[in-house]
Structure formats: structure tokens, C-alpha cells
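Secondary and tertiary structure notes
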Amino acid sequence: MEHPENDAKYVGLRVNAGVKSNPTVNPYRKVVKKKRILTAGEYVEGILKGDVSLLGRAVTLIESTAEDHQSIAQEVIEKCLPYSGNSRRIGITGVPGAGKSTSIDVFGTHVIRQGHKLAVLAIDPSSERTRGSILGDKTRMEKLSLEKDAFIRPSPSGGSLGGVARKTRETIVLCEAAGYDRIFVETVGVGQSETAVHSMVDFFLLIQLAGTGDELQGIKRGIMEMADGIAINKCDGDNVDRCKLAAQQFRTALMLFPPTPSKWVPEVVTYSGYYELDIDKVWDMIDRYFKYVEETGYFERKRNEQARYWMTETIEEQLRSRFYHTPGLKELLEQKELRVLNNEQSSFTAAKDVLDYYFEYIRK
């Protein structure tokens, strides 16, 4: 290509240098270094020192499905186990809209003012379609999220309440080892998760509303029987009389239930989480319960029963997982299902064939 500026008649002409093109890579971008993989010993050392960052990373390992993460997580749990068991574990459930997160925010600040350290483990419901969760509980606990002695960890249920319940129980061990002597476990709402949460806590609190016109019918009897205490929220303003009436109705209903295993008679109290009214009444009830079960020896018996329960649950979960991950089993299941649907084989003989395949595989 000709350059006319090089002609002799343009002698003395000065051609400025062009503008340098910008680099394709942003020079101001910070290079994020990949976090170094820590050993189980380093995790344990940090947890015992109360390092919240390492505690959070350890909980992430527990929630991970990767085999190498699970290996480290189980080692961390084993090493933290001798330092656990020194907390009060409180399960909190209630109908949707009962004000569980607001109540936990108020209960938590009340507990911390008494000189305790609190861990809140909130199980967040996952979408059945996308398996995604909002994990928004922390945003609803505005006061508690600012407290340095509070650790809030929302966990997605992921559509498997049994799995997240086991991981929550393992997280409790780490939180106790980190020095948190009060543990709140918030459930996804009134449903199947209550049984799992009840099996990992010492006190099960049911939060209920009044003035809905369906106080007793709107909740399952099974959950009423599990409750160690019922707290009726939003007892303020024009709703006070309705709350008192609902409290009396619940007390009457509880009298019809069989005695609890601890022989403790569940109490019913009223309070207002939003206006922070009568929070001490709720906590006095919980304190009375712990004093009672510690004096009767039921506290230790329940903890031992829970340990046995979770050992059995873990065995069943591991067996189920290994069974369905057996090589070739998925294809065999599809074949057998097709034969059953086409009325070529009964469900029972098809199941026997699948089990025989599995037992033959593990014998090899």
C-alpha cells in the first residue's frame, strides 16, 4: 500500500504515531487465587478457635456431594465430636406466615444478651422444578445478622429432607465445637421435615397464630404431639383477646393427648415477635423444660436415643445410595419396569431379580 506522506514534496512533514490499542485483558482485574485445600486438622484447629470463616467452609464440605469433600468432612466431624454436646438444641417450626424468622431474630438477640453464642441453622425449601433455593432467611434476621456471636447458616433442602437433616445434625456438631452453646434449627414449615428435626433437638417449639379461624384444624395432630411448647405469635393490639382464647383452646387440646415420653406437660404462651413483647415468657418456658429434663435424667436418655436413631438412618441412607449406584442397575431397572408395565412380570419377581443382581454384584 502506497504512503503519500513519504513523497519528497512532503519533506518536513511530521507524522504522529498512532494510538496504542488497549490490551485485550483488563489490567485492573484482580486475579483471584484459588483457595488452598486445607487438611482436616487445619479445619478442626480453626473451628476450635471459633474461626467463623473456617466453620462456614467446613459446613460447605458437609453439604457437598463430592466424595473427596465428604471424606474430609467426616474426618473433621470425628475430630470435633469430643468437643460437642454442650449446647441446648432448639427446633422451631410453625405454619407459613407464623413469623418464624422474625421470632428467631428476636429470640436470638435475647439469648445473646444473656451472654450466649448462637448458631441458627435454617432449612430453606427448594423448588421442586429447579432445585433452587432463595436462602433468604438471613435477610429477615436483620438484628441477629449484625451480632458477632451469631452464626446463621441457611441450607437448601434440595428436595431431600432426609439428606439435609443428616447434614444439619453434622453441622450442629461443628457449631458446638466452635463454642456455640445455643443452637436453633428452623424447619421449612409444617410437613415431613418436623420428624427429622425433632430427632436432633432437645426442645421442639411450635409457633402458631390466632385469629385465623382455624387454629386447631390448621395443624397436624402429629406435630402437636411432638411439641414441647407452643408459642402463639402476634399477640398485640386488637389480637390480644383472640390469642388468649387460642391459648386456652390449645391447652385444652393438649390435655387430650397421651403423656409425652419425658412426662413434661407442654406449655402454651403468647408473645409478639414484631413488637418484642413477652419474649422472656417464651424463654422462661424453655428454661423450665431444661431444668425438668435434666433433673429427671430424660435429657441424657433422649440424646442417646437420637444418636442411635441417626446411626440407623445413616446406614439405611448409605445402603440405598450404594444400591442405586451399582453399575448396570439403572439399565436393569428400566427393563424390569417395562416388563411390569406390560404385564409380562409381576412387581415382586421383578424386584427379586433386581435384588439378586445387586447381591451377586457385591459378592464379586
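Here's what I pulled together on the structure shown here. (Residues numbered from 1 in each chain as written. Predicted model: local features only at pLDDT ≥ 70, side-chain atom pairs only at ≥ 80, totals over all residues. Heavy atoms only, no water.)

Some remarks on the pattern of salt bridges
Applying the stated criterion to the full structure yields 15 salt bridges. Across the pair glutamate 276 and lysine 143 runs a salt bridge whose closest N-O atoms are separated by 2.1 Å. Taken together, the residues span a long stretch of sequence, with glutamate 276 in the loop between β7 (267–270) and α10 (279–296) and lysine 143 in the loop between α5 (137–140) and β3 (150–156) at a distance of 133 residues. Its relative accessible area of 31% is what places glutamate 276 among the partly exposed residues. (Salt bridge = Lys/Arg side-chain N within 4 Å of Asp/Glu carboxyl O. Helix = DSSP H or I, 4+ residues; strand = E, 2+ residues; numbered from the N terminus. Buried < 20%, exposed > 50% of the residue type's maximum accessible area, 1.4 Å probe, protein only.)

With respect to the packing of aromatic side chains
Two aromatic rings, taken as a pair, are described by how far apart their centres are and by the angle between their planes. Scanning the entire structure with this criterion turns up 14 aromatic pairs. Taking the centre distance of 6.3 Å and the plane angle of 55 degrees together, the rings of phenylalanine 290 and phenylalanine 299 count as tilted. Taking the relative accessible area as the measure of exposure, phenylalanine 290 reaches 0% and is therefore buried. On the basis of relative accessible area, phenylalanine 299 is assigned to the buried category, the value being 14%. With centroids separated by 5.0 Å and ring planes inclined at 85 degrees, the aromatic side chains of phenylalanine 323 and tyrosine 324 adopt a geometry described as edge-to-face. Owing to a relative accessible area of 51%, tyrosine 324 belongs among the exposed residues under this scheme. An aromatic cluster is built from Phe203, Trp264, Tyr289, Phe290, Tyr292 and Phe299, whose rings are joined through pairwise contacts. Above the plane of the ring of tyrosine 180 lies lysine 117, whose end atom (NZ or CZ) is 4.5 Å from the centre. (Phe/Tyr/Trp six-rings, centres within 6.5 Å; stacked < 30°, edge-to-face > 60°. Lys NZ or Arg CZ within 6 Å of the ring centre and 35° of its normal.)

Thoughts on the environment of proline 259
Inspection of the secondary structure assignment puts proline 259 in the loop between α9 (240–255) and β7. When the C-alpha positions of proline 259 and glutamate 225 are compared, they lie 9.1 Å apart, and in sequence the two are 34 residues distant.

Focus: the pairing of strand β4 (residues 182–186)
The buried count for β4 comes to five of five residues, which makes it a mostly enclosed element. Sheet topology note: the strand β1 (residues 88–94)/β4 ladder contains five bridges and is parallel. Its bridge partner lying in β4, arginine 88 is registered against arginine 182. (Pairing = 2+ DSSP bridges.)

A look at the pairing of strand β5 (residues 203–208)
Most of β5 is tucked away, with six of its six residues classed as buried. Residue alternation in β5 divides its side chains into two sets, Phe203, Leu205 and Ile207 and Phe204, Leu206 and Gln208, and both sets are buried. Bridging between β1 and β5 involves five bridges; their strand directions are parallel. Across the sheet, threonine 93 pairs through a bridge with leucine 206, a residue of β5. In this sheet, strand β6 (residues 229–232) lies alongside β5 in parallel orientation, the contact comprising four bridges. Its bridge partner being in β6, leucine 206 is matched across the sheet by isoleucine 230.

A few points about helix α2 (residues 52–63)
Across its 12 residues, α2 extends 17 Å between first and last C-alpha, which sits within 8% of the 16 Å expected from 1.5 Å per residue. All buried positions along α2 are accounted for by Leu54, Leu55, Gly56, Ala58, Val59, Leu61 and Ile62. Capping the start of α2, aspartate 51 holds a side-chain oxygen 3.0 Å from the backbone nitrogen of serine 53, two or three residues further along. (Expected span 1.5 Å × (residues − 1). Polar contact = N/O pair within 3.5 Å; in protein donor to acceptor, adjacent residues only side chain to side chain.)

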